[in-house]
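The lines below spell out each chain.
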Protein chains: 2
Amino acid sequence: MESKKTTIHDIANELGVTASTVSRALQDHPRISDSTKEEVLEMAEKLDYHPNSIAAALRKGKSNIIGVIIPMADRNFFASVIRGVEEIVNKSGYRVIISQSNDSPEREKSNIKALLESQVDGILASYAKKTTDFDHYKEIARQGVPLILFDRLHESLESLEVGSVVIDDYLGAYKATEHLIEQGCRRIAHFSGPQHVSIYKERRRGYEEALNRHNIPIDERLIVESNLKLEAGRRLGEELLTWNQLPDAVFSSSDYGAVGAMEILKERGIKIPDDIAMVGFSNESFTSFVDPGLTTIDQHGEKMGHFAAQLFLDQVSEDKDARTPGKTVLNPQLIVRESSLKKKVSA
Amino acid sequence: MESKKTTIHDIANELGVTASTVSRALQDHPRISDSTKEEVLEMAEKLDYHPNSIAAALRKGKSNIIGVIIPMADRNFFASVIRGVEEIVNKSGYRVIISQSNDSPEREKSNIKALLESQVDGILASYAKKTTDFDHYKEIARQGVPLILFDRLHESLESLEVGSVVIDDYLGAYKATEHLIEQGCRRIAHFSGPQHVSIYKERRRGYEEALNRHNIPIDERLIVESNLKLEAGRRLGEELLTWNQLPDAVFSSSDYGAVGAMEILKERGIKIPDDIAMVGFSNESFTSFVDPGLTTIDQHGEKMGHFAAQLFLDQVSEDKDARTPGKTVLNPQLIVRESSLKKKVSA
DNA sequence: AATTTTCGTACAATCGTTTGTACGCGTATT
DNA sequence: AATACGCGTACAAACGATTGTACGAAAATT
């Protein structure tokens, strides 16, 4: 039944004008008379015309699509970022295509290739944890496609002309650690992540600096590194129990790690926060569900998405002045819940 | 510096052949000699050629992109579905573009429009809860684009020639309710959702049927309807407490609703599962984190994605026989955790 | 009334690939 | 030796929209 999709040529034929006139009429071009525009619109409706954006993209060399690369979509933080990005760019007529790397560098690479071949107008990315070779990102820049990095940032990319928006991980970690110190904790363990990922390095730095400022010596044995997943958290929970002396608090660079450890510790009769206070990082949605509620650091995902999107729009803007790839640093926010409250709040 | 992107014409010129030869060489066409293929490949490498899939899509009338419409990406279930879909279709050279409706019919509508204009080769969708008018879905079918519905299914779409894959919500609810009955519960409340969404209707039916089979009268006052979000769960938790007699169990059609209620009930000193047993639906990731762990129904998101993707591939397959839009129904699985265990397991 | 402007539309090239058909050449068939 | 066949490549027309330029007619200027 679908004999053929109707094109602007069909409309043109029907009306006895040319396709160029139809095209301009549809774009509300000033040089087309109002009467013609009306006729075109009517006929378009009548013939059930739908624009073919592929054809337009080819001609214009612009797809109006931007690609967003994230490790995984089911993280609250990344989902918020995407929402934020969409909110901004949709207004300017851009569509977002999301592609997940599942934290695999290979998938990340093939995703980037596909995005570039699809002629996306820009790429916003948070790279996979395991990525250590950034050539595929350099390729993006080399092809002249605007690139904005968010959340995770790597030194080897800083030299490129890329925009970036991150939170101040250092500050977040500092706030978290200081909060624990204020609660009276002195033996604070730290669950850290791969040190080539700058966010984990920064968080560790924040942790150490907070201790320094409060004249608490840094004990390397209290700092443990892992992939920070739930399972790793459980393992670390077990490990804690083998130590000569339990820490009185844990600052974990990830909520998953914190919750994993909490599960084990609770099982073993350790009271949280009384025996061990816990603080996580990211404000994942489940942190408010767990018992006790997990104190954590909110990363302002939606806001980060807004900024990243805006940086992209700036880079493709007509106004050359706005085109300096900016770096934006957001302030993280400490969300205090019960898991860290040793001093009970007087009611 | 980016003088110009290199095209197959550039390669052709350099080699003294025509673009068609280059195109065929790149596709490994049998009629092109091996020596030419080699030369082309080398030159492509040398000139840093990257195919422009927009141009190919325009010519072929096929974008190799499929659109997936989901309410929101940060639900464990939907994230799994997407992973499942990607796993299958990537093998056949398709890319997935994800678009979220945030459960808003307007966004859903505009997303569909954009997807169609982008000439996607197919659309897999789980529609927004609030959607009651399905014309935009009919439009998909009318334009001859394969449509597969997953998870949520609406009567008014059944007449269309669409494939669908759902779980047996009825059976899931039945299993959940029966499990509660086996635990000795008799006064089982049900948190239900909008009845025009078939999944909620089915779940309610499963609940009622389980009661019937066990000769427990259905008490309409125990069935409450809401949007099943966390906040609604909290509200329902409050409501429960105002009843003359507390139920001894709750079967909620959503994990969020269940957890929201649990929060309130725990606050008010109600013991779970001893006073009230709880069962949710969906196996969201947080259900294993909450205390006590929430018994729930797993919907096999990844598998659902596999099936949906396969249905799509069948519909676009050369083989006409395979082209009947199939309906697949998956069996849900009961995941038992502590929240429903009144009879303590003897250790 | 002659000339310049303005207005509305047509013409034609273009974006980068794909693909049906034609064609020349060398080898095989009889 | 004449015809037939394969093989490898060229030619040219798509796909559907956009856009710089040209051009005729009407309106405005002098």
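Calculation notes
Residues numbered from 1 in each chain as written. Chains lettered and ligands numbered in written order. Predicted model: local features only at pLDDT ≥ 70, side-chain atom pairs only at ≥ 80, totals over all residues. Heavy atoms only, no water. Phe/Tyr/Trp six-rings, centres within 6.5 Å; stacked < 30°, edge-to-face > 60°. Helix = DSSP H or I, 4+ residues; strand = E, 2+ residues; numbered from the N terminus. Buried < 20%, exposed > 50% of the residue type's maximum accessible area, 1.4 Å probe, protein only. Near = heavy atom within 4 Å. Polar contact = N/O pair within 3.5 Å; in protein donor to acceptor, adjacent residues only side chain to side chain. Nonpolar A, V, L, I, M, F, W, Y, C, P; charged D, E, K, R; others polar. UniProt positions renumbered as here; feature names shortened; annotations may be inferred. Pairing = 2+ DSSP bridges. Axes fitted to C-alpha atoms, helices over the stretch in contact; angles between N-to-C directions. Parallel < 35°, antiparallel > 145°, perpendicular 65-115°, else oblique. Left-handed = near helix turned anticlockwise from the far one by under 90°. Contact = heavy atoms within 4.5 Å. Buried area = accessible area lost by both parts, 1.4 Å probe. Salt bridge = Lys/Arg side-chain N within 4 Å of Asp/Glu carboxyl O.

1. Section: the packing of aromatic side chains
Residues and elements named next belong to chain A. Tallying each qualifying case throughout the model produces 16 aromatic pairs over all chains. Considering the side-chain rings of F251 and F281, the 6.3 Å spacing of their centres and the 45° angle between planes classify their relative orientation as tilted. Of this pair, F251 sits in strand β8 (residues 249-252) while F281 is found in the loop between β9 (277-279) and β10 (296-298), placing the two residues 30 residues apart along the sequence. Each of the two residues, F251 as well as F281, counts as buried. Taken together, Y127, F134 and Y137 form an aromatic cluster joined through their ring pairs.

2. As for the protein's contact with DNA strand D
Taken together, 27 residues surround DNA strand D, and among them S20, S23 and R59 of chain A together with T21 and T36 of chain B come closest. A breakdown of the atoms of DNA strand D within 4 Å of the protein gives sugar and phosphate a share of 52%. Here S23 of chain A contributes a side-chain N or O atom positioned 2.7 Å from a phosphate oxygen of DNA strand D. A distance of 3.3 Å is found between a base nitrogen of DNA strand D and a backbone nitrogen or oxygen belonging to A55 of chain A. Secondary-structure elements contributing two or more residues to the surface near DNA strand D are α1 (8-15), α2 (19-26) and α4 (53-60) of chain A together with α2 (19-26) and α4 (53-60) of chain B. If one sorts the elements of the surface near DNA strand D by residue count, α4 of chain A sits on top with 4 residues. Across the surface near DNA strand D, the residue classes tally to 8 nonpolar, 12 polar and 7 charged.

3. So, the UniProt feature "domain: HTH lacI-type" (unreviewed entry) in chain A
Feature annotation in UniProt places "domain: HTH lacI-type" (unreviewed entry) on residues 6-60 of chain A, given in this structure's numbering. Between the C-alpha atoms that bound residues 6-60 of chain A the distance is 21 Å, and the span itself is 67% helix and 0% strand.

4. Some details on the pairing of strand β11 (residues 327-330) of chain A
Residues and elements named next belong to chain A. Only one face of β11 is covered, namely the face carrying T328 and L330; the face carrying K327 and V329 is uncovered. As paired strands, strand β5 (residues 163-167) and β11 are joined by 4 bridges and run parallel to one another. Following the sheet pairing, I167 is matched in β11 by L330.

5. Observations regarding the packing of helix α6 (residues 105-117) of chain A against helix α7 (residues 135-142) of chain A
Residue and element names in this part refer to chain A. Their axes nearest at 9 Å, the elements α6 and α7 cross at an angle of 15°. Of the possible angle classes, the one that applies to α6 and α7 is roughly parallel. Seen from above, α6 lies across α7 with left-handed handedness. Residues E108, K109, I112 and L116 of α6 form the contact with α7, whose own contacting residues are H136, Y137, E139 and I140.

6. Description of the interface of chain A and chain B
Counting residues at the interface gives 47 residues for chain A and 48 residues for chain B. Buried surface at the junction of chain A and chain B, both sides included, amounts to about 4,300 Å², of which 51% is carbon and sulfur. When residues of chain A are sorted by the area they lose upon contact with chain B, I54, R95 and F289 of chain A head the list and together hold 16% of the total. Inspection of the chain A/chain B interface yields 6 salt bridges. The residue K266 of chain A makes a salt bridge to D291 of chain B at a minimum N-O spacing of 3.9 Å. Sorting the residues of the side of chain A that touches chain B by element identifies α4, α5 (76-91), β2 (95-100), α6, α7 and α12 (255-267) of chain A as the ones contributing at least two each. Sorting elements by how many residues they give to the side of chain A that touches chain B places α5 of chain A first, with 6 residues. For the side of chain A that touches chain B, the residue count by class is 18 nonpolar, 15 polar and 14 charged.

7. Points about the protein's contact with DNA strand C
Inspection of the region around DNA strand C gives 27 residues, with T21 and T36 of chain A together with H9, S20 and R59 of chain B positioned closest. Close to the protein, within 4 Å, the atoms of DNA strand C belong to sugar or phosphate groups at a rate of 54%. Between DNA strand C and T18 of chain A, the relevant distance is 2.8 Å, taken from a phosphate oxygen to a main-chain nitrogen or oxygen of the residue. Between DNA strand C and N52 of chain B there is a distance of 3.5 Å, counted from a phosphate oxygen to a backbone nitrogen or oxygen. Elements with a minimum of two residues in the surface near DNA strand C: α2 and α4 of chain A together with α1 (8-15), α2 and α4 of chain B. Residue contributions to the surface near DNA strand C peak at 4 residues, all from α4 of chain B. A breakdown of the residues in the surface near DNA strand C according to their chemical character gives 8 nonpolar, 13 polar and 6 charged.

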